[in-house]
Each structure stands twice: as structure tokens, then as C-alpha cells.
Amino acid sequence: MQVHSTLGRALVDLRPRDPGRIGMYVCGATVQSEPHVGHGRYAVVFDVIRRYLQWRGFVVTYVRNITDIDDKIISAAAEAGESVDERAERISRIFADAYRDLGVDPPDVEPKATEHIPDMVDLISRLIERGLAYQGKNGDVYFAVRAFEEYGRLSGRHVDELLAGARVEVSPFKRDPLDFALWKAAKPGEPAWESPWGEGRPGWHIECSAMAARYLGEDFDIHGGGADLIFPHHENEIAQSEGATGQPFARFWLHNGMVNLSGEKMSKSTGRLIGLQEVIAAYGGPAVRLFYLRAHYRSPIEFSDSLLEDAAAAAERLGRTLERIGPALDEPDPAALAEFTAAMDDDFSTPEALGILFDALRESNRLLDAGEPAGSVGAVVVTMAEVLGLGVPETAAIDDLAVALAELGATFGVEEGDPVATLDGLVEAREAARSRKDFAAADAIRQGLAKVGVAIEDTPAGARWRRG
């Protein structure tokens, strides 16, 4: 299996630190505002990578963080009249709902920055001891970029070239304009924690270095994120982590391409945004997931209503065929499965893998239309769809859900009736909870239904439930 590592910019064999096991850290959301379509892409990309690695027999520990303290979150919370904690918690729930609608499985660990301040303080202290960091007269602690000789090797930038056009924060308290903040001194009205350098809060970059090391060790396998994080975020992570430990940080760096709108990157910084929730509501989670996977994860992808409409039609065809095939009782066709494996082993080439999947889908339908079982070809469709996160999960028959739905309905004051009526009542109860901003109750209803194989879809015409 080969992956394209940004560090070195070449296809390399995936050789993990520990045979048969892979530790993977992906930079998650900074939860200052609702997710846009670009956020959905990275979540789906690394969900598929994780699924495929597991299918290939690796034991994967997947860590995806939440940045819940940051200048942007503080600013957005103040503008909305919320506390920073309230803002971060509310937006985190919205991200979680969107990811679930896309079929993204939760990570094994989802650490929050505010829960790991001691780890960050320890890492900063080690950098100061090694002469790689210092405290400015304003109380901030900075990383001394020029003291780390290998700075720039991930992004391919030389320190002498970085001052021109780079995102560099100019400050009279730095020894060098390139130096970046590890710890920010407390400001009135902002959250703050105790540290050896006075009250304050961590800089953005140090958060991921500390959380990755906490759960995966100081030397782990895969570090991922969007291509927009290569510089300065991931470059700074390498400098901090390797500067503190004296050993390599992540072995492989994987970066997904951006989602573009009219040729320009979609991001909060550019203001060119399309909300992820709105797109999911319009086209459905499976369609949006398929839209992402039709492009290679490293390539940019242009947002287009026509592409999403086509993906929606393809996702519907796949769903109908999976229902026709039913449980796969035969062994998958080995030739087709070998082609799929070869495609995914080549840096997770989902466009090629999808081509193999839909070829098998057409053959399955031909067999079924002729009154024959889909057999081993159908089993290949089921297998590949599951690995790509496009499968239809098994759910109990609606009558078997009656007891569970009655219990859930009683919890939220829904009158007992037949299962369909109870489902409708629970959807209405969730909408009422959202209207009164009782997001905990709304989440509990949604999660309770998910446990029995029922999903809630938010559409322009209102919320609705569906099985699977």
C-alpha cells in the first residue's frame, strides 16, 4: 500500500511504527461558526481512509480534535452574545450532526483543546528549556523559528523567503517576525488558565502537537488535514513537536484538496462559503459523500449543483441496488475485489474504486433483472459500498422497533401509537425542542432514533425520518 506524503511529496510505502497498527491524527474543526462544504470533505476523506485501513486488517486509532478556544471563537461568541463555552459546545453539536448525516463514524478519541492545557504547558516548558522558545515583554511565549534548522521542510519554504507574502503576525515583542505564539497572555474578559508564564491561553498550533502526543505518542503514523493547513499550522506542529522531543513527529502527512467555488477556495477566511447543512438538506448525506469521493482526495474539487444532482442520482441507484441485493450470502467476486484493493492501495484512489463499484452494480442489476441472484458480484457491491461508507446499514423491521420507540416516545412525552405515528411524534418533538433552543433534548431524540436504525433528515420542507 502506498500513500502520497506531503513530507517529501512522493508516493511511499505505508510502513507503520507498529506492525498491524496505525495511529492517525486529523486536525478537526475550529468551532467558531457552522460548517461549510469544505469541512465535510476532510471529514469524509479521512473517514474513508480509516475504514479502508481497518478493512485491510489494521487496528486503527483515529484521533480528531476539536479546537474550542481560539481568537475567532472568542470574537464570534462576543458578537453573538454567548459565552465562549456555550458557543463552542453549540457549534460542536452542529458539526457532529452534519458529520453523522454524511455517514462519518465518530473518531476513537475526540479531544478538546481546553481539556488538555496541562499537556500544552508541559510541551512549551520543554521548548523553553531547549532554547527554542522565549517569553516576550507582553507575557506571550513565542517559538523561535530560526532556532529550528529544519523549519520549512514540509511546505518547501525557506525561512528567508517567508517574510514576503506569508501569514506572519507582526509584533514588537517578538525577536523575529517569523516567530509564532505558543502561549498568549490573558486579556480582560477572555478565558484564561494558570501557567508558569502567568494566566493566559494556548496558541492554536501548540494544541494539536500536545493532543496528538497525548493519545498517539511522540512518534506516530499518519497526520492529516486540509491542504490549507500545510503552512503555517502543520509546519509549526513539526517544529514544536520535534523541537521538544528531538525525534520525528508524524511519519506520513496526508492532505486533502480544497472545495472551490468559481475557482476560489471555499473558506471562512475568504468569505466564500456554502453551508454544509444546507447542501445535505438539499441533496442528502449519501449524495454529498459520493460527490466528495468522485474526486481524488488530494485534488481540488469545484462545487457545482449539477455535480451534486448527478451524485444524488447515483447514490439513489446504489441504494436501490443494495436493497435489491439484500444481505450478501456469497463470497465477493475475487477479481473485482482485487481491482478495488489495487485502486485503494494506490493512495486511496476513490474515483477508480467507484468505477469498479458501479461496474459491479450494473452487472448485479442485469442478473437481478434476469431473475437470477446477484451472487458474488452482488457481494462485491455490498463490500465495496460498506468500505466507502456508502452502504445501507442493517435495520430491524419496523414492527421490531415498536418497544424501543415506545420507550423513547414516553421519555419525550409522545403519545403511544403505532411505530410510524410514534416516529412522526418524535420528529415533531425534536422540532419543538430546537425551537425553544433545548439542543440537548433535540440531540437526545436524534441519537435515540439512530440507535434503532432511524435517521432524521433536515430538508427545506422540514424534518423527516428514514430507516437506514
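Residues numbered from 1 in each chain as written. Predicted model: local features only at pLDDT ≥ 70, side-chain atom pairs only at ≥ 80, totals over all residues. Heavy atoms only, no water.

A. Main features of the overall build of the protein. Across its full length, the protein holds 15 helices and 15 strands. Relative to a compact globule of 468 residues, whose C-alpha radius of gyration would be 23 Å, the protein shows 24 Å and is just as compact. Considering only C-alpha atoms, the protein reaches an extent of 75 × 55 × 40 Å along its principal axes. Residues counted as buried form 53% of the 468 residues belonging to the protein. Partitioning the intrachain contacts of the protein with sequence separation of at least 6 by distance along the chain shows that 74% fall at a separation of at least 24. As presented, the protein carries roughly 20,600 Å² of accessible surface, and 49% of it is formed by carbon and sulfur atoms. Positive and negative charge centroids in the protein, built from 49 and 75 side chains respectively, lie 4 Å apart. (Helix = DSSP H or I, 4+ residues; strand = E, 2+ residues; numbered from the N terminus. Rg over C-alpha atoms; globule rule 2.2 N^0.38 Å. Buried < 20%, exposed > 50% of the residue type's maximum accessible area, 1.4 Å probe, protein only. Contact = heavy atoms within 4.5 Å. Areas by Shrake-Rupley, 256 points an atom, 1.4 Å probe, with all protein chains shown as cover. Lys, Arg positive; Asp, Glu negative; His and termini not counted. Charge placed at Lys NZ, Arg CZ, Asp CG, Glu CD.)

B. Quick look at the environment of Glu372. Within the secondary structure layout, Glu372 lies in the loop between α11 (350-369) and α12 (375-387). For the pair formed by Glu372 and Pro107, sequence separation is 265 residues and the distance between their alpha carbons is 40 Å.

C. Quick look at helix α14 (residues 419-435). Compared with the 24 Å implied by 1.5 Å per residue over 17 residues, the 24 Å span of α14 between its first and last C-alpha is a close match. All of the buried residues along α14 are Pro419, Thr422, Leu423, Gly425, Leu426, Val427, Ala429, Arg430 and Ala433. Just beyond α14, the residue with positive phi is Lys437, at close to 65°. (Expected span 1.5 Å × (residues − 1).)

D. Representation of the packing of helix α5 (residues 204-216) against helix α6 (residues 230-245) in the model. Running from amino to carboxyl end, α5 crosses α6 at an angle of 55°, the nearest separation of the two axes being 9 Å. By the angle class used here, α5 and α6 are oblique. Handedness of the crossing formed by α5 with α6: right-handed. Contacts between α5 and α6 involve Trp204, His205, Ile206, Cys208 and Ser209 from the first element and Pro232, His233, Asn236, Glu237, Gln240 and Ser241 from the second. When the residues that make up the contact of α5 with α6 are grouped by side-chain class, the tally is 4 nonpolar, 6 polar and 1 charged. (Axes fitted to C-alpha atoms, helices over the stretch in contact; angles between N-to-C directions. Parallel < 35°, antiparallel > 145°, perpendicular 65-115°, else oblique. Left-handed = near helix turned anticlockwise from the far one by under 90°. Nonpolar A, V, L, I, M, F, W, Y, C, P; charged D, E, K, R; others polar.)

E. Spotlight on the side chain of Asp176. Along the chain, the position of Asp176 falls in the loop between β6 (141-143) and β7 (180-185). For Asp176, the side chain forms a polar contact with the side chain of Arg146, separated by 2.6 Å. When neighbours within four sequence positions are excluded, Asp176 is seen to be in contact with Tyr134 and Arg146. (Polar contact = N/O pair within 3.5 Å; in protein donor to acceptor, adjacent residues only side chain to side chain.)

F. View of the pattern of salt bridges. A full pass over the atoms with the stated rule returns 33 salt bridges. Arg51 is the partner of Asp105 in a salt bridge, and the nearest nitrogen-oxygen pair spans 3.4 Å. With a gap of 54 residues between them, Asp105 in the loop between α3 (84-101) and α4 (117-129) and Arg51 in helix α1 (residues 37-55) connect regions that are remote in the sequence. The class for Asp105 is partly exposed, based on a relative accessible area of 35%. Residue Arg87 pairs with Glu82 through a salt bridge whose shortest N-O separation is 3.0 Å. By relative accessible area, Arg87 is classed as buried at 10%. Connected through salt bridges with shared partners, the residues Glu34, Glu82, Arg87 and Arg90 form a single ionic network. (Salt bridge = Lys/Arg side-chain N within 4 Å of Asp/Glu carboxyl O.)

G. The arrangement of the sheet that holds strand β4 (residues 59-64) in detail. On the basis of which strands lie adjacent, the open sheet formed by 4 strands has the order β4-β3-β9-β10 and parallel pairing. Each edge of the open sheet is held by one strand with a lone partner, namely β4 and β10 (250-256). Put simply, the sheet's adjacent strands are angled 20° from each other on average, direction ignored. Alignment of strand β3 (residues 21-26) against β4, held across 6 bridges, turns out to be parallel. Its bridge partner lying in β4, Val26 is registered against Arg64. Sheet strands in contact with α5 are β3, β4 and β9 (220-226), and its direction is about 160° off that of β3. Those strands touched by α6 are β9 and β10, and its axis lies near 160° from that of β9. (Pairing = 2+ DSSP bridges.)

H. Here's a closer look at the environment of Leu449. Residue position: Leu449 is located in helix α15 (residues 439-451). A residue is classified by how much of its surface remains accessible, and Leu449, at 0% relative accessible area, is buried. A sequence separation of 448 residues divides Leu449 from Met1, and the C-alpha atoms of the two residues are 38 Å apart. Once residues within four sequence positions are removed from consideration, Leu449 is found in contact with Leu405, Leu408, Leu423, Leu426, Val454 and Ile456.

I. Seen up close, the packing of aromatic side chains. This structure, assessed with the given rule, holds 15 aromatic pairs. Taken together, a centroid distance of 6.4 Å and an interplanar angle of 65° make the contact between Phe143 and Phe148 edge-to-face. Across the pair, exposure class does not vary: Phe143 and Phe148 are buried alike. Directly above the aromatic system of Tyr134 lies the positively charged group of Arg175, at a separation of 4.0 Å from the ring centroid. (Phe/Tyr/Trp six-rings, centres within 6.5 Å; stacked < 30°, edge-to-face > 60°. Lys NZ or Arg CZ within 6 Å of the ring centre and 35° of its normal.)

J. How the structure looks around the sheet that holds β7. Pairing is antiparallel across the open sheet formed by 4 strands, whose spatial order is β5-β6-β7-β8. Edge positions in the sheet fall to β5 (133-135) and β8 (200-202), since each of these pairs with one other strand and no more. Ignoring strand direction, the axes of neighbouring strands in this sheet form an average angle of 20°.

K. The pairing of β9, seen in detail. Of all 7 residues that make up β9, 7 are buried, and the element is covered over most of its length. Note: β3 against β9, 3 bridges, orientation parallel. Counted as the bridge partner of Tyr25 is His223 from β9. As paired strands, β9 and β10 are joined by 6 bridges and run parallel to one another. In the sheet register, Phe220 faces β10, and the bridge partner there is Ala250. Taking the sense of rotation as the criterion, the β-α-β connection linking β9, α6 and β10 turns out right-handed. (Right-handed = clockwise from strand over helix to strand, strands pointing away.)

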